[in-house]
Structures are given as structure tokens and as C-alpha cells.
Amino acid sequence: MTKHQTTITRHDRFVFHDHQPKVENLREAVIAGLSNTPKAIHCKFFYDQRGAELFEKICTLNEYY
């Protein structure tokens, strides 16, 4: 499990999801995501006005499918 995944605990017939995972530092998460291959930024960082603007710009790139 990476440090950015939600903790899931399985117990017999029940699955527990941690809906309050640790808050990530935006800067660190973006640097980590852009250092990976393939590069990625989690979609949760696109939910504010600035994020929406960035997403619109990303959609115009040739690399965006």
C-alpha cells in the first residue's frame, strides 16, 4: 500500500473504509505524482476553481487522451 491509499480493513464479511485518511500536502503529492511514470496527479486536487482552470489547460495538451 502506498502512503496515498485509503486504508481498507477486511473482517469476515465486512469491509471497513477509512473515509478520513490523513490530509496530504498538496505540494508533496504533486511532486510525487509528477515524479512517477506515468505522471499523475490525483483528481481530488482538481476540485477547486484553480484546479478546474488547470484541468481545462491540461485537456488541450497533445499528451492528454
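What you see is a predicted model, and the numbers here were worked out from it, not measured in a lab. (Residues numbered from 1 in each chain as written. Predicted model: local features only at pLDDT ≥ 70, side-chain atom pairs only at ≥ 80, totals over all residues. Heavy atoms only, no water.)

A. Broad picture of the overall build of the chain. Secondary structure assignment for the chain yields two helices and two strands. Along the chain, from the amino end to the carboxyl end, the secondary structure elements read β-β-α-α. Across the 65 residues in the chain, those meeting the buried criterion constitute 5%. As displayed, the chain offers around 6,400 Å² of accessible surface, 56% of which is attributable to carbon and sulfur atoms. (Helix = DSSP H or I, 4+ residues; strand = E, 2+ residues; numbered from the N terminus. Buried < 20%, exposed > 50% of the residue type's maximum accessible area, 1.4 Å probe, protein only. Areas by Shrake-Rupley, 256 points an atom, 1.4 Å probe, with all protein chains shown as cover.)

B. Broad picture of the environment of H42. Of note, H42 is situated in the loop between α1 (26-35) and α2 (49-59). Residues H42 and A29, spaced 13 residues apart in sequence, show a C-alpha to C-alpha distance of 8.2 Å.

C. Spatial organisation of the confidence of the model for the chain. Residue-level pLDDT values for the chain average 78, and 77% of them are 70 or greater. Looking across the chain, the model is least confident in strand β1 (residues 8-11), with a mean pLDDT of 57, and most confident in α1, with 90. (pLDDT = per-residue confidence, 0-100.)

D. Representation of the pattern of salt bridges in the model. Tallied over the entire structure, the rule returns one salt bridge. The residue E53 makes a salt bridge to R50 at a minimum N-O spacing of 3.5 Å. Note that E53 and R50 are positioned in helix α2 at a spacing of three residues, about one turn of the helix. A relative accessible area of 34% means that E53 is categorised as partly exposed. Classification of R50 by relative accessible area gives partly exposed; the value is 47%. (Salt bridge = Lys/Arg side-chain N within 4 Å of Asp/Glu carboxyl O.)

E. Spatial organisation of a nonpolar patch on the surface. Taken together, the side chains of F55, L61 and Y64 present a nonpolar region at the surface, about 270 Å² in accessible area. Residue placement: L61 occurs in the segment after α2. On the basis of relative accessible area, L61 is assigned to the partly exposed category, the value being 44%. (Patch = residues over 30% accessible without salt bridge, like charges linked within 9 Å, V, L, I, M, F, W, Y side chains within 5 Å.)

F. The arrangement of the environment of F45 in detail. With respect to the helices and strands, F45 occurs in the loop between α1 and α2. Between the C-alpha atoms of F45 and V30, which are 15 residues apart in sequence, the distance is 8.9 Å. Setting aside its immediate chain neighbours within four residues, F45 contacts E24, L26, A29 and G51. (Contact = heavy atoms within 4.5 Å.)

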